[in-house]
Every structure is written in C-alpha cells, then in structure tokens.
Amino acid sequence: MSGFETLLYEKKDHIAYVTLNRPQALNVYNIRMRDDLYQVLRAIKDDAEVRVAIFKGAGEKAFCAGADLSEFLSAPSPVIARQARFGRDVWGLFLSIPQPLIAAVHGYVLGSGIEIALSCDIRIASEDTKFALPEVGLGILPAAGGTQTLPRAIGMARAFEMLLANRRLNSEEAYTMGLVNQVVPKNKLLEAAEEMAEKIASFHPMAVRNAKQAVLRGLDLSLSEGLELERRLAMGLRGYKGEHEG
Ligand code: COA
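Residues numbered from 1 in each chain as written. Predicted model: local features only at pLDDT ≥ 70, side-chain atom pairs only at ≥ 80, totals over all residues. Heavy atoms only, no water.

Q: Sorry if this is basic, but what is going on with the site of the ligand here?
A: If you check the shell around the ligand, you find 14 residues, and the closest are Lys61, Ala65, Ala67, Asp68 and Leu69. For the ligand, the protein covers 56% of the area, taking 870 Å² as the surface of the free molecule. Of the residues assigned to the shell around the ligand, the class counts are ten nonpolar, one polar and three charged. (Near = heavy atom within 4 Å. Areas by Shrake-Rupley, 256 points an atom, 1.4 Å probe, with all protein chains shown as cover. Nonpolar A, V, L, I, M, F, W, Y, C, P; charged D, E, K, R; others polar.)

In structure tokens:
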C-alpha cells in the first residue's frame, strides 16, 4: 500500500483502490489532496496492470464533504482560494484515464465530492448517501467540472436545481435520476464495487478501454463523427485479438 498524506493507494489483482483519507475532516478536498490525486491518477494511467480503479472514502460519515473550507478562510477571498486549485489539472487528468473508474460513495458527497464521483464512469452508493453542490450558496462555483458533468449525468433541469437552489438528493433520488448506477446497504458497498470491478477486469483490457473512449469522446461529437470513431476503435482492436492472457 502506498501512503500519501491525504490518500491511500493499493493494487490487487488488476484493481487499483484509491481511498480519500482525511476521515477526521470528512475527507474534504484540499491542495495537498489535489497534488496526491494528481500523482495517483498518473500512476493509474501509466500502469497497464491496472484495469479498473475504485475510489472510496475513509471513515463512517463521508465519501467527501467538498472543498476544505479552512483553506478558503485563510485565503484573501474564496475566489482566490479557488484559483489556487487550478495549478494542476486534476479534472482534465481524470477525463484522460483510459481505464474505467468506479466511485463507491457513502455519507456526505458534497461539492468536490460529487465532482470526483462524476469524474468516475460508474457510481455505486450506499443507502446513507447524501449528495449536494453547495458552492453557489457560498459565493463560488463548482470548479472541478460539476457544472459540465452534472447536467450530462442527470439533465439540465435537475442539475440547475442542485446548482442554483442547493437541492440535496438522497441515494434513492440519485438512483432515480441516473446519478448512481446502484444503491446498496452500507456494509455491502465495497463488495458491490469489487464485484463490478472484477467483472470489468475479466474482460479484454483493450476492448474495455476502447469502449470507454468511444463513449467519452463520442459525447463531444456529432452522431456521424461518433460512428466513425466507433468504427476506428473497433478496427483498432483487431490487432489485439487473442492476446488477452487473463
Ligand atoms: N472544510 C473543512 N472542514 C470540514 C468541512 C469542510 N468543508 N466539512 C466538515 N469539516 C470538518 C468539521 O470542521 C469537523 O472538524 P472538527 O471535528 O475539527 O470540528 C469535522 O469535519 C466533522 O464535521 P462536523 O461538521 O462536526 O460533522 P457533522 O456530521 O455535524 O456535519 C456536514 C456534517 C457535512 C453537514 C457539515 O460538516 C458541513 O456542512 N460541512 C460543510 C460542507 C460544505 O459546505 N462543503 C463545501 C462544499 S464547496
């Protein structure tokens, strides 16, 4: 297990585990976590052994309760505190990870927490999960992609309600809206995420990567360009046929 100040990083049988590890502060996202996440994401991206990664939060109460507001208080203004976070493009890096990412979330999933979950491809929530984007009420904007990723996940009307009026969602509402793929009892959360990860890891890694790429890159394309992308990615797999060693 590799220890960072704010994260734990482990690998087991082609699955990487990233644990947000500031449980005493509800795993809130600070500059240190930004730098640690950046390193871990780079490690995942460059590691062919990793076929899928699971993101989770340490402690009982939260996956991540948002940005570390104590850093905001020590900065000249919340907007300046926000700008300091742009020094490393963690969110662009998230989008460029070729392997599937699964968020296994519980408890408070607020602000940057929901944005980390939205930067993953599949979300599994425990029954006690509470989602919200409180930034606008604090005089700032979600700046980890939330204004873009949330409407893509749940549609514009619902995203506006969360963004502009701080509408909170429980896990069932999040499931109904398509924000999460599954809701499970809290003591089954890791098991459910691992079951999904093991299934993905059992498939041909290049087929999995190309399928992910087709969907993500296709979102920015016209249908005809998307079909062309799909064709190219499917053709690209021919060279790998039969090379999967399990
Ligand atoms: N930044 C920094 N520290 C935070 C924090 C944040 N966003 N959210 C929680 N913490 C810290 C608390 O200060 C507390 O630390 P302490 O034990 O040293 O006093 C610890 O985490 C536990 O939080 P606490 O408020 O005691 O837990 P709770 O169960 O009573 O309430 C919340 C949980 C999530 C409702 C509440 O902590 C909260 O509203 N946090 C702010 C959420 C937010 O606005 N996030 C920013 C989004 S941009």
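On we go from here.
Q: Please explain a negative patch on the surface as it appears in this structure.
A: Negative charge collects at one region of the surface, where Asp13, Glu191, Glu195 and Glu198 lie side by side. Overall, Glu191 belongs to the partly exposed group, its relative accessible area being 46%. (Patch = residues over 30% accessible without salt bridge, like charges linked within 9 Å, V, L, I, M, F, W, Y side chains within 5 Å. Salt bridge = Lys/Arg side-chain N within 4 Å of Asp/Glu carboxyl O. Lys, Arg positive; Asp, Glu negative; His and termini not counted. Charge placed at Lys NZ, Arg CZ, Asp CG, Glu CD. Buried < 20%, exposed > 50% of the residue type's maximum accessible area, 1.4 Å probe, protein only.)

Q: Help me understand the state of the cysteines in this model?
A: One covalent bond between the sulfur atoms of two cysteine residues makes up a disulfide. Within the structure shown, the criterion is met by zero disulfides. Here Cys120 is not cross-linked by a disulfide; its sulfur's nearest cysteine counterpart is in Cys64, at 12 Å. (Disulfide = S-S within 2.5 Å.)

Q: Honestly, the pairing of strand β3 (residues 15-20) in this entry has me stumped. Any pointers?
A: Every other side chain in a regular strand lies on the same face of the sheet, so the side chains alternate between the two faces. Among the six residues in β3, six count as buried, and that is most of the element. Residues Ile15, Tyr17 and Thr19 of β3 are buried on one face, and the alternating residues Ala16, Val18 and Leu20, pointing to the opposite face, are buried as well. In this antiparallel pair of consecutive strands, strand β2 (residues 7-12) and β3, the connection spans two residues, and Asp13 shows a positive phi of 45°. Where β3 and strand β4 (residues 52-57) come together, six bridges link them in parallel fashion. The partner of Ile15 across the bridge, within β4, is Val52. Handedness of the crossover is the feature at issue here: the chain leaves β3, passes through helix α1 (residues 31-46), returns alongside β4, and the resulting connection is right-handed. (Helix = DSSP H or I, 4+ residues; strand = E, 2+ residues; numbered from the N terminus. Pairing = 2+ DSSP bridges. Right-handed = clockwise from strand over helix to strand, strands pointing away.)

Function-wise, these values are silent; they only describe arrangement.
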